[in-house]
Amino acid sequence: PKRRLTAAVRKNDYTEEFTIFWNTYPRRVRKPDAAKAYRRAVERINEHGHHTQNGLDTAHELLFIRALQYAQAWPPERMRESDGDFRMHPSTWLNQDMFLTPEAYQDPKRKESTGPKWEPLQN
């Protein structure tokens, strides 16, 4: 039998955009909490224009890209080295606005970023 959604989770929290985020985020736990946190994060991003500051069209794009970056910051060897799954729950990640500080995703033991590096233009 399908579990009924609690009153705290609105049916419209499970949007197509949330589903894309959910399937991208590397740790899928507590989906109802994540859906609520996602809705509130989108509201904050839209209110403050964080997506436009990053050259993106929508809050959803910002959350999707940051979820990808967060997933890439946790390769299998980092999971083995840290001896457990220390990735944040999606609701925590969203509620703490971790999508605004991708530099915090890197493993402190690794000095070099695994992602593309920004370099100033040479004249």
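Residues numbered from 1 in each chain as written. Predicted model: local features only at pLDDT ≥ 70, side-chain atom pairs only at ≥ 80, totals over all residues. Heavy atoms only, no water.

Predicted coordinates in regions of low pLDDT should not be interpreted in detail. Mean pLDDT over the chain stands at 83; residues scoring 70 or higher make up 78%. The element-level mean pLDDT for the chain is lowest in helix H5 (residues 76-81), coming to 80, with helix H6 (residues 90-95) highest at 96. (pLDDT = per-residue confidence, 0-100. Helix = DSSP H or I, 4+ residues; strand = E, 2+ residues; numbered from the N terminus.)

A few words now on the packing of aromatic side chains. Scanning the entire structure with this criterion turns up 13 aromatic pairs. Aromatic side chains Phe18 and Tyr38 sit 5.6 Å apart centroid to centroid with 70° between the ring planes, which places their arrangement in the edge-to-face category. Taken together, the residues Phe18 in helix H1 (residues 16-24) and Tyr38 in helix H2 (residues 31-48) connect sequence positions 20 residues apart. By the ring-pair criterion, three or more aromatic residues cluster together here, those being Tyr14, Phe18, Phe21, Trp22, Tyr25, Tyr38, Tyr70, Trp93, Phe99 and Tyr105. (Phe/Tyr/Trp six-rings, centres within 6.5 Å; stacked < 30°, edge-to-face > 60°.)

The next thing to look at is the side chain of His50. Tracing the backbone through its elements, the reader meets His50 in helix H3 (residues 50-53). Judged by relative accessible area, which is 16%, His50 ranks as buried. Ignoring anything within four residues of it in the chain, the contact list for His50 reads Arg44, Ile45, Leu62 and Leu100. (Buried < 20%, exposed > 50% of the residue type's maximum accessible area, 1.4 Å probe, protein only. Contact = heavy atoms within 4.5 Å.)

Turning to a nonpolar patch on the surface, a few remarks are in order. A cluster of nonpolar side chains, contributed by Ile20, Phe64, Ile65 and Leu68, occupies part of the molecular surface with about 290 Å² of accessible area. In terms of residue count, the dominant contributor to the nonpolar patch is helix H4 (residues 59-72) (three residues). (Patch = residues over 30% accessible without salt bridge, like charges linked within 9 Å, V, L, I, M, F, W, Y side chains within 5 Å. Areas by Shrake-Rupley, 256 points an atom, 1.4 Å probe, with all protein chains shown as cover. Salt bridge = Lys/Arg side-chain N within 4 Å of Asp/Glu carboxyl O.)

Further remarks concern the environment of Gln96. When you line up the elements, Gln96 lands in the segment after H6. Overall, the relative accessible area of 49% leaves Gln96 in the partly exposed class. Expressed as a C-alpha distance, the spacing of Gln96 and Ala41, which sit 55 residues apart in the sequence, is 9.2 Å.

Turning next to the packing of H1 against H4. Think of two packed helices as two axes; the pair is described by the angle between the axes and how far apart they sit. Here H1 crosses H4 at 10°, and the two axes come no closer than 9 Å. Relative to H4, the element H1 is oriented roughly parallel. On the side of H1, the interface is formed by Glu17, Ile20, Phe21 and Thr24, while H4 contributes His60, Leu63, Phe64, Ala67, Leu68 and Ala71. For the contact of H1 with H4, the per-class residue count stands at seven nonpolar, two polar and one charged. (Axes fitted to C-alpha atoms, helices over the stretch in contact; angles between N-to-C directions. Parallel < 35°, antiparallel > 145°, perpendicular 65-115°, else oblique. Nonpolar A, V, L, I, M, F, W, Y, C, P; charged D, E, K, R; others polar.)

What follows deals with the nonpolar core. One finds Phe21, Leu63, Trp93, Leu94 and Phe99 to be the most contacted residues of the largest nonpolar core, which totals 24 residues. At the level of secondary structure, the elements contributing two or more residues to this core comprise H1, H2, H4 and H6. Of all the elements, H2 adds the most residues to this core, at seven residues. Excluding its chain neighbours within four sequence positions, the residues that come into contact with Phe99 are Ala41, Arg44, Ile45, Leu62, Leu63, Arg66, Trp93, Leu94 and Tyr105. (Core = buried A, V, L, I, M, F, W, Y, C linked by side-chain atoms within 4.5 Å.)

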